[in-house]
Amino acid sequence: MTLPSRADTISANKGFIRIGLRTKLVILSSFLFTIPWFGYQYVWEMEKYLRYGQEQTIVGTARALATTLHDRPNLFDNQASFLASVEKGKDLYGFQIRQPIQLDGRYNDWPDFEGKAHFYQDSNIIWQEPNQAVSLRFNAAVGKYDKYLYLFFNVVDDKLVFRGNNARSIYLNDHLTLSLTAPDGEHQQYIVSNKNQGWIESFQLDNQTGRPQPINYIQGVWQSNNTGYNVELRLPLDYVGNKIGFSFADVDTPSTKATSLVGSANTSDPEQLGTILVPSPEIERIVKGMSYTQSSIWVIDKHQRVLASAGDINSASGVWRSTTSTDASEGIWPTWWHWLQTHVLHPLYYQVLTKPTQDFYDQLYDESHLAGEHIEQALSGEVHSQWRLSTDKQAVILSAAYPIYIDEQVQGAVIVEETTNGIKTLRNKALEQLFTSILAILLVGTISFFFFASRISNRIRQLRNHAEVAIDEHGRVKEDLPALKGNDEIGDLSRSFSTAVSRLTQYNQYLENLSSRLSHELRTPIAVVRTSIENLSMYPIPENAKAYIERAESGVHRLNHIITSMTEATRVEQLLQRTEKQTFNAYEVIASCISGFKQIHPETRFNFQAPNQKANVLGSPEHLAQMLEKIVTNAVEFSSDSQVGIMLITVKKNLILTVKNNGELLPDTMENRLFNSMVSLREESNSLIKNNQQTPATSQPSSNSQPHLGLGLFIARLICEYHQGQISAQNCFDPNGVQINIEIPLTE
Amino acid sequence: MSKRIAIVEDDDAIRENYADVLRHQGYQVQSFANRQSAEAAFTVRLPNLVILDIGLHDEYDAGFELCQWLRAKSSTLPIIFLTARDNDVDTVSGLRIGADDYLTKDISLPHLTARIAALFRRQDAQNKPVEQENLIERGPLVIDSQKMTIKWHNHYVELTVTEFWMVFALAKSPGHVKNRQQLMQDSQIFVDDSTITSHIKRIRKKFSKIEADFNCIETVYGMGYRWNDAEQNASSLNNEA
């Protein structure tokens, strides 16, 4: 039951948007939503420190590894690390090949052959026949797998000349010369000179005699193709020192000498050979010991070539990984929570968060030549760490480089790399938990806030509704205000209201009884005065004093009338309380009344309209007649054209009686107050009473001197309310007048 | 021998005023200011008529108690309530416990003396033979204006003086509408409209005790009441909703 409240109409009139208590509390509680932001910031801050920690750890790892490598020149001895400079194409680097190579003359099993091969061309011509164009070029790649050094040559030659079937010389055809120093430092030359394509035929040149001896430890395949031929071979690392050179001799006419020699170095001169760097097994052993640190580790020489490496950057997520990978909480939580987490919460969180991926691709480093600011810094003696994105920008990689000193010279560097995935995972875990708890807090908080606000606003609304119902528009206390329970301010307020209303009730009762009590109390003194006057008049009185007696009598009479009128309303109320209701036809009563009015007010014309002659009402016909009499008398008095219109209609289940007269309009403020006790327009509109001029009275229209207490319409209202009806007055226009409407429910 | 009237009234001025008037009329008047003194005197000797106020000093219902006490002693003693209390409850209870009339202090002295005279006359007339010229007959209704008695179908209707005058006024000219004002004048009381209504109701009730479907007193809404002779009742039944 919500009545359109006064507050509503007030706010509507002001044109403000009405913000309820509940809305306000919800708005206020929305500040709770800053908590996740703070939490988020906090976790970010934490991540910063973790990163810093990781940076320190990674530098520490690099330092530890570098420490094991400091001043151990023998690890670097057989490498080319001590060269002042390396020459591309001459100084070679044996890539670490991760899968076995099939010796088939095809480089499809060489990883990134195109990128790692060096192209030997005009600049690599060692000698040539004068006036002969060199028609041979080749690509060469060197790799290391297991205990073998693999070489692949992709040769472009316009004429491929194999060794003749019976030829003894191995030089009169296209051949490959491989020149290297053995680990003991001895210079060795090997010739690959095939009679046809297929398995290679290799020879070692005797150092003293220069005679070729067939050998079998160099294995491989010579495969010709459209543009020339491929040579793929391998030789055990045991034969390989730290220097190497190779060259192709191009023979264009069978059984003739070569016209040109193209290669990495002059293979016949051991001094001119280039260096070969194969990742050092010793260093690798040491590094491997460090590979359990969840880091990707590189050891490079000062030419930024990789001496050893361990670990895979994709799985190198740092020391945090081990602590975060195990989900310890999984066992504790029920399955529905797990489901909720994976199906609802995580998809939500990862709108904001990024999940660290291990499937990123990072190929920043060329193994033969690691580059980067941190490496350069390390090689210049500075410890340096840096953050960088992976090549595909999917992961953040932390790199630290630490210099390796040998004889106080920087001879290399240790590079340790880790992704921030561990931290990210940790951060994500932290944020997930943060979000979950905040979500729970927010949910619980907002709901409880909402319920709290609802309860408060409901209670206040309840109080308001009670307060509105308690006192009607006439200011009368209709019902007591129930005191709400609740030991808080609203409860206090309600109790205060209740007390105030009950006091008001008492005061109202006092006021309502005042007139009857007053009349009762006044009656005796008036009787004293009157009986005294009457007694006095029984004695001989001087003629000139008689007038005073008469005046006193008339005064007492008027006083008496006032008192009677004052009690009348109370009397009606009391009578109504005890009158039994009966069903009667209101139309007949009203029609009968009107015929009476026609006799009482012969000068007035009554226009009675009643389309429906059956209007059964539950109540008291006498009182209904009394009510009508009060209203009609009123209308007659105020009528300016001696016409009173009475209309009786039945609408739905209500009888509507309208009494209308043309004349003065009601003042705006009077429409509601008109039916209150002791309200009279006559006194306000003119002072006829004081002047003792013609003022028709409610109960005694013929008497001139009757005072008006404004009780007529009040009695009408009492009777109307007894019939469970409503009475109201409204102004009519064109012609101006006043209309009294009575609405009384019908019975069957 | 002059009649003895007792006035029980706590207000000295009124009591003495009433007493003076009544003494002027030739009655012997005893006046009492409270219940105790009145009871003491009445124990010794009952007056011929008692005028009672209801509230005496701090005894709110002393008049009622006195009335009951007196009624117990004598069923014929005329008792008049003369009080400032004019509400319906008091009127009804006053009359119910045996008062012959219930007057408010609005009443003028001549009216009061007339009432008293009427009551005495009724009392005196009880023993005298019925004189025909004082009787008004309206079908089953017989009014003896001398004895101030009313018979309905040969049964006495126990009416107070006020009620008697009302019925008398109505029945004197059957078919004529008497408005409340006229009824007040005829019954010599000065009350408001609703008191008239309740008097009429009480009268009807008293007649209904004798004849259940009594409907000779017709309400003419907005005007007043009229007496319909029993023969005309059939035609006026419809109006008596």
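Residues numbered from 1 in each chain as written. Chains lettered and ligands numbered in written order. Predicted model: local features only at pLDDT ≥ 70, side-chain atom pairs only at ≥ 80, totals over all residues. Heavy atoms only, no water.

### Digging into the overall build of chain A
Each helix and strand counted, chain A has 18 helices and 28 strands in total. Evaluated residue by residue, chain A yields a buried proportion of 48% over its 748 residues. (Helix = DSSP H or I, 4+ residues; strand = E, 2+ residues; numbered from the N terminus. Buried < 20%, exposed > 50% of the residue type's maximum accessible area, 1.4 Å probe, protein only.)

### Regarding the interface of chain B and chain A
With 38 residues of chain B at the contact, the number on the chain A side is 39 residues. Here chain B and chain A share an interface that buries about 3,400 Å² over both sides, 53% of which is from carbon and sulfur atoms. Where chain B meets chain A, there are one salt bridge. Here glutamate 622 of chain A makes a salt bridge to arginine 204 of chain B, at a shortest N to O gap of 3.7 Å. At the boundary of chain B and chain A, one finds eight residue pairs in polar contact (both at pLDDT 80 or more). (Contact = heavy atoms within 4.5 Å. Buried area = accessible area lost by both parts, 1.4 Å probe. Salt bridge = Lys/Arg side-chain N within 4 Å of Asp/Glu carboxyl O. Polar contact = N/O pair within 3.5 Å; in protein donor to acceptor, adjacent residues only side chain to side chain.)

### Re the packing of aromatic side chains
All told, the structure shown has 37 aromatic pairs over all chains when counted by the stated rule. Taking 5.9 Å as the distance between ring centres and 80 degrees as the angle between the ring planes, the aromatic pair formed by tyrosine 40 of chain A and tryptophan 44 of chain A counts as edge-to-face. In this pair, tyrosine 40 of chain A and tryptophan 44 of chain A both sit in helix H3 (residues 34-69), four residues apart, roughly one turn of the helix. Consider the rings of tryptophan 152 of chain B and phenylalanine 214 of chain B, whose centres lie 5.1 Å apart with planes at 90 degrees: the pair is edge-to-face. You can see tryptophan 152 of chain B sitting in strand S8 (residues 149-152) and its partner phenylalanine 214 of chain B sitting in the loop between helix H8 (193-210) and strand S11 (217-220), a full 62 residues away along the chain. Using a relative accessible area of 1% as the deciding quantity, one classes tryptophan 152 of chain B as buried. Judged by relative accessible area, which is 8%, phenylalanine 214 of chain B ranks as buried. Pairwise contacts between aromatic rings join Tyr120, Phe138, Phe153, Phe162, Trp222, Tyr229, Phe246 and Phe248 of chain A into one cluster. Here the basic side chain of arginine 51 of chain A rests over the ring of tryptophan 387 of chain A, its NZ or CZ set 5.0 Å away from the ring centre. (Phe/Tyr/Trp six-rings, centres within 6.5 Å; stacked < 30°, edge-to-face > 60°. Lys NZ or Arg CZ within 6 Å of the ring centre and 35° of its normal.)

### Examining the sheet that holds S11 of chain B
Backbone hydrogen bonds hold the strands of a sheet together, and the pairing may be parallel or antiparallel. All names here are of chain B. Reading across the sheet, the three strands line up as S10-S12-S11 and stay open at both edges, with antiparallel pairing between neighbours. Here the strands that pair on one side only, and so sit at the sheet edges, are strand S10 (177-179) and S11. Across the sheet, the axes of successive neighbouring strands diverge by a mean angle of 35 degrees, strand direction being ignored. Across four bridges, the pairing between S11 and strand S12 (residues 224-227) is antiparallel. Paired with isoleucine 217 across the two strands is tryptophan 227, which belongs to S12. (Pairing = 2+ DSSP bridges. Axes fitted to C-alpha atoms, helices over the stretch in contact; angles between N-to-C directions.)

### Quick word on the nonpolar core
Ranked by size, the top nonpolar core spans 51 residues in total, and within it Ile5, Ile116, Ile150, Phe207 and Trp227 of chain B carry the most contacts. The leading source of residues in this core is helix H6 (residues 161-172) of chain B, at nine residues. A domain split of this core shows at least three residues from each of domain 1 (4-125) and domain 2 (135-238) of chain B. Look past the residues within four positions of phenylalanine 207 of chain B in its chain and what remains in contact with it is Leu141, Ile150, Trp152, Val157, Val167, Phe214 and Trp227 of chain B. Residues Phe584, Leu666, Ile719 and Tyr722 of chain A belong to the second largest nonpolar core, which totals 48 residues. (Core = buried A, V, L, I, M, F, W, Y, C linked by side-chain atoms within 4.5 Å. Domains from an automatic or database assignment.)

### Digging into helix H18 (residues 712-722) of chain A
All names here are of chain A. With respect to burial, H18 is a largely interior element, ten of its eleven residues being buried. Among the residues of H18, those classed as buried are Gly712, Leu713, Phe714, Ile715, Ala716, Arg717, Leu718, Ile719, Cys720 and Tyr722. In this fold, the buried residues of H18 make contact with helix H12 (543-578), strand S24 (616-619), helix H14 (621-638), strand S27 (726-732) and strand S28 (737-745). Glutamine 724 occupies a position one or two residues after H18 and carries a positive phi of about 55 degrees.

### Brief notes about the pattern of salt bridges
Applying the stated rule across the entire model yields 29 salt bridges over all chains. In this structure, the salt-bridge partner of arginine 459 of chain A is aspartate 488 of chain A, at a minimum N-O distance of 2.9 Å. Here the residue arginine 459 of chain A occupies a position in helix H10 (residues 421-470), and aspartate 488 of chain A occupies one in the loop between H10 and helix H11 (489-537), the gap between them amounting to 29 residues. Residue classification places aspartate 488 of chain A among the partly exposed residues on the basis of a relative accessible area of 26%. Across the pair aspartate 100 of chain B and arginine 122 of chain B runs a salt bridge whose closest N-O atoms are separated by 3.8 Å. Note that aspartate 100 of chain B is positioned in the loop between helix H4 (88-96) and strand S5 (101-104) and arginine 122 of chain B in helix H5 (residues 109-125), a separation of 22 residues in sequence. Overall, the relative accessible area of 17% leaves aspartate 100 of chain B in the buried class.

### With respect to the sheet that holds strand S21 (residues 409-419) of chain A
All names here are of chain A. On the basis of which strands lie adjacent, the open sheet formed by five strands has the order S18-S17-S21-S20-S19 and antiparallel pairing. At either end of the open sheet lies a strand with only one pairing partner, and these are strand S18 (306-310) and strand S19 (384-389). Sheet twist, expressed as the average angle between the axes of neighbouring strands with direction ignored, equals 20 degrees. For S19 and strand S20 (residues 396-406), the ladder comprises six bridges, and the chain directions are antiparallel. Counted as the bridge partner of leucine 389 is valine 396 from S20.

### Things to note about a nonpolar patch on the surface
Residues and elements named next belong to chain A. Side chains of Val26, Leu443, Val444, Ile447, Phe450 and Phe451 sit close together on the surface and give an oily, nonpolar patch of about 570 Å² of accessible area. For the nonpolar patch, the leading source of residues is H10, giving five residues. Residue placement: valine 444 occurs in helix H10. Given a relative accessible area of 57%, valine 444 falls into the exposed group. (Patch = residues over 30% accessible without salt bridge, like charges linked within 9 Å, V, L, I, M, F, W, Y side chains within 5 Å. Areas by Shrake-Rupley, 256 points an atom, 1.4 Å probe, with all protein chains shown as cover.)

### Quick notes on a positive patch on the surface
All names here are of chain B. On the surface, Arg96, Lys201, Lys205 and Lys209 cluster together into a patch of positive charge. Top element by residues in the positive patch is H8. It accounts for three residues. Its place among the elements puts lysine 205 in helix H8. (Lys, Arg positive; Asp, Glu negative; His and termini not counted. Charge placed at Lys NZ, Arg CZ, Asp CG, Glu CD.)

### Brief notes about the packing of helix H8 (residues 335-349) of chain A against H10 of chain A
All names here are of chain A. The geometry of H8 relative to H10 is characterised by a closest axis approach of 11 Å and an angle of 100 degrees between their N-to-C directions. Here H10 runs roughly perpendicular to H8, going by the angle between their axes. Contacts between H8 and H10 involve Trp337, Leu345, His346 and Tyr349 on the former and, on the latter, Glu432, Phe435, Thr436 and Leu439. Among the residues making up the contact of H8 with H10, the classes are represented as five nonpolar, two polar and one charged. (Parallel < 35°, antiparallel > 145°, perpendicular 65-115°, else oblique. Nonpolar A, V, L, I, M, F, W, Y, C, P; charged D, E, K, R; others polar.)

### Quick look at the pairing of S21 of chain A
The two faces of a sheet get side chains in turn, since along a regular strand they alternate between them. Residue and element names in this part refer to chain A. Among the eleven residues in S21, ten count as buried, and that is most of the element. As paired elements, strand S17 (residues 296-301) and S21 share six bridges and run antiparallel to each other. Across the sheet, the residue bridging to valine 299 is valine 414, located in S21. Pairing between S20 and S21: ten bridges, direction antiparallel. The residue of S21 that forms the bridge with serine 399 is glutamate 417. Connecting S20 to the antiparallel partner S21 that follows it, the hairpin turn spans two residues, and aspartate 407 within it adopts a positive phi of roughly 55 degrees.

### Notes on the environment of leucine 273 of chain A
All names here are of chain A. One can find leucine 273 in the loop between strand S15 (260-263) and strand S16 (274-277). When the C-alpha atoms of leucine 273 and isoleucine 244 are compared, they prove to be 5.5 Å apart, with 29 residues separating the residues in sequence. Not counting residues up to four positions away in its chain, the partners in contact with leucine 273 are Lys90, Ser179, Leu180, Thr181, His187, Lys243, Ile244, Gly245, Ala265, Asn266 and Thr267.

### Some details on the packing of H3 of chain A against H10 of chain A
All names here are of chain A. With their axes 10 Å apart at the nearest point, H3 and H10 run at an angle of 165 degrees to one another. On the basis of the axis angle, H3 is roughly antiparallel to H10. Pair H3 / H10 crosses with right-handed handedness. In this structure, H3 contributes Ile35, Pro36, Gly39, Tyr40, Val43, Trp44, Met46, Glu47, Leu50, Arg51 and Gln54 to the contact, and H10 contributes Ile423, Lys424, Leu426, Arg427, Ala430, Leu431, Leu434, Phe435, Ile438 and Leu442. Along the lines of polarity and charge, the residues of the contact of H3 with H10 split into 15 nonpolar, two polar and four charged. (Left-handed = near helix turned anticlockwise from the far one by under 90°.)

### A word on the pairing of strand S5 (residues 137-145) of chain A
Residues and elements named next belong to chain A. S5 sits mainly inside the fold: seven of its nine residues count as buried. One ladder, built from two bridges, connects strand S2 (residues 95-96) with S5; its direction is parallel. Paired with glutamine 96 across the strands is lysine 144, a residue of S5. The sheet contact formed by strand S3 (residues 118-120) and S5 spans three bridges and is antiparallel. Following the sheet pairing, tyrosine 120 is matched in S5 by phenylalanine 138. Relative to strand S6 (residues 148-156), S5 runs antiparallel, the two sharing nine bridges. Along S6, the bridge assignment pairs asparagine 139 with asparagine 154. Hairpin connection of S5 to S6: two residues between the antiparallel strands, including aspartate 146 at a positive phi of 55 degrees.

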